[in-house]
Amino acid sequence: MAASVDPLVVGRVIGDVLDMYIPTANMSVYVGPKHITNGCQIKPSAAVNPPRVTISGNSDELYTLVMTDPDAPSPSEPNMREWVHWIVVDIPGGTNPSKGKEILPYTEPRPPVGIHRYILVLFRQRSPVGLMVQLPPSRANFSTRMFAGHLDLGLPVATVYFNAQKEPASRRR
């Protein structure tokens, strides 16, 4: 059964990034060995490589995965909302993003100030979109809503987010 959107409301993912929706797919996300649950804390150093994502569904269904940070550069002044970290389209159901077409390569979380939310949003595609997708002009001020509207993706089918904050620099003696 798909997860509830309640933690997404509490975490202001619904509102800041997405509109209310009913989850209809399952997406499993791991950063290193840690299974991501909504609002969990991840050290940026653990997320240097792309998360491992597994998507439910049949191979004849295609999905788009978008990862953004709505708190850039600072949660109190998110004037770069959203900072897009990763876009993969045409992912067959029952597989993972490595089977899709990477439109924007993954960049790891680097929160400069405060606690940032990193949101992975999954959309079910109506048809292949790989040739229709244009590279965003900038990673800053990306809009998941506008991107989904441009590609006629509709509402998300699954979402999960984690929190991260700047790690203290290692002390030198």
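Here, every reference points to the structure presented above.
Residues numbered from 1 in each chain as written. Predicted model: local features only at pLDDT ≥ 70, side-chain atom pairs only at ≥ 80, totals over all residues. Heavy atoms only, no water.

Concerning the overall build of the protein chain
Then step 1. Counting secondary structure elements, the protein chain contains 3 helices and 9 strands.
Then step 2. The order of helices and strands in the protein chain, counted from the N terminus, is α-α-β-β-β-β-β-β-β-β-α-β.
Then step 3. Its C-alpha atoms give the protein chain a radius of gyration of 15 Å, near enough to 16 Å, the size a compact globule of 173 residues would have.
Then step 4. Each principal axis of the C-alpha atoms in the protein chain carries an extent, and together these give about 55 × 30 × 30 Å.
Then step 5. Across the 173 residues that make up the protein chain, the buried fraction comes to 47%.
Then step 6. Here the analysis covers contacts within the protein chain between residues at least 6 apart in sequence; of these, 73% occur between residues at least 24 apart.
Then step 7. By element, 54% of the accessible surface of the protein chain is carried by carbon and sulfur atoms, the whole surface being about 9100 Å². (Helix = DSSP H or I, 4+ residues; strand = E, 2+ residues; numbered from the N terminus. Rg over C-alpha atoms; globule rule 2.2 N^0.38 Å. Buried < 20%, exposed > 50% of the residue type's maximum accessible area, 1.4 Å probe, protein only. Contact = heavy atoms within 4.5 Å. Areas by Shrake-Rupley, 256 points an atom, 1.4 Å probe, with all protein chains shown as cover.)

Digging into unusual backbone geometry
Then step 1. Put simply, Ala72 and Pro73 share a cis peptide bond, and its omega is -10 degrees.
Then step 2. Its location among the elements puts Pro73 in the loop between strand 5 (62-69) and strand 6 (83-92).
Then step 3. Positive phi is not limited to glycine here, since Asp152 has a value of about 55 degrees.
Then step 4. Structurally, the position occupied by Asp152 is in the loop between helix 3 (144-150) and strand 9 (158-165).

Some words on the pattern of salt bridges
Then step 1. All told, the structure shown has 8 salt bridges when counted by the stated rule.
Then step 2. Asp19 is the salt-bridge partner of Arg145, the closest N and O atoms lying 3.0 Å from each other. With Arg145 in helix 3 and Asp19 in the loop between helix 2 (13-16) and strand 1 (27-31), this residue pair connects regions lying 126 residues apart in the sequence.
Then step 3. The partly exposed category is assigned to Arg145, whose relative accessible area is 34%.
Then step 4. Among the salt bridges present, the one from Arg124 reaches Glu61, with a minimum N-O distance of 3.9 Å. (Salt bridge = Lys/Arg side-chain N within 4 Å of Asp/Glu carboxyl O.)

Points about the sheet that holds strand 6
Strand pairing in a sheet relies on backbone hydrogen bonds. The paired strands run either parallel or antiparallel.
Then step 1. Reading across from one edge, 3-9-8-5-6-7 is the order of the 6 strands in this open sheet, with mixed pairing throughout. With one partner strand each, in any of the chains shown, strand 3 (40-41) and strand 7 (101-104) form the two edges of the open sheet.
Then step 2. Where strand 5 and strand 6 come together, 7 bridges link them in antiparallel fashion. Across the sheet, Asp69 pairs through a bridge with Trp83, a residue of strand 6. (Pairing = 2+ DSSP bridges.)

Thoughts on the nonpolar core
Then step 1. Counting 25 residues, the largest nonpolar core has Met27, Ile36, Val53, Leu65, Leu120, Leu122 and Phe162 as the members making the most contacts within it.
Then step 2. Put simply, the parts of the chain that give this core at least two residues each are strand 1, strand 4 (52-55), strand 5, strand 6, strand 8 (115-124) and strand 9.
Then step 3. At 4 residues, strand 9 tops the list of elements feeding residues into this core.
Then step 4. Ignoring any residue separated from it by four or fewer positions in sequence, one finds Leu65 in contact with Met27, Val53, Trp86, Ile87, Val88, Ile91, Pro97, Leu120, Val121 and Leu122.
Then step 5. Judged by nonpolar contacts, the second largest core, of 23 residues, contains Leu8, Val17, Ile119 and Tyr161. (Core = buried A, V, L, I, M, F, W, Y, C linked by side-chain atoms within 4.5 Å.)

Quick notes on the side chain of Arg139
Then step 1. As for its position among the elements, Arg139 is in the loop between strand 8 and helix 3.
Then step 2. Among buried Asp, Glu, Lys and Arg side chains, Arg139 stands out as unpaired, with Glu102 the closest opposite charge at 8.0 Å.
Then step 3. Filtering out sequence-adjacent residues up to four positions away, Arg139 remains in contact with Glu82, Trp83, Val84, His85, Trp86, Leu104, Pro105 and Thr107. (Lys, Arg positive; Asp, Glu negative; His and termini not counted.)

A look at the sheet that holds strand 4
Then step 1. Reading across the sheet, the 3 strands line up as 2-1-4 and stay open at both edges, with antiparallel pairing between neighbours. In this open sheet, the two edge strands, each paired with only one partner strand, are strand 2 (34-35) and strand 4.
Then step 2. As paired elements, strand 1 and strand 4 share 4 bridges and run antiparallel to each other. By the bridge assignment for strand 4, Val29 is matched with Val53.

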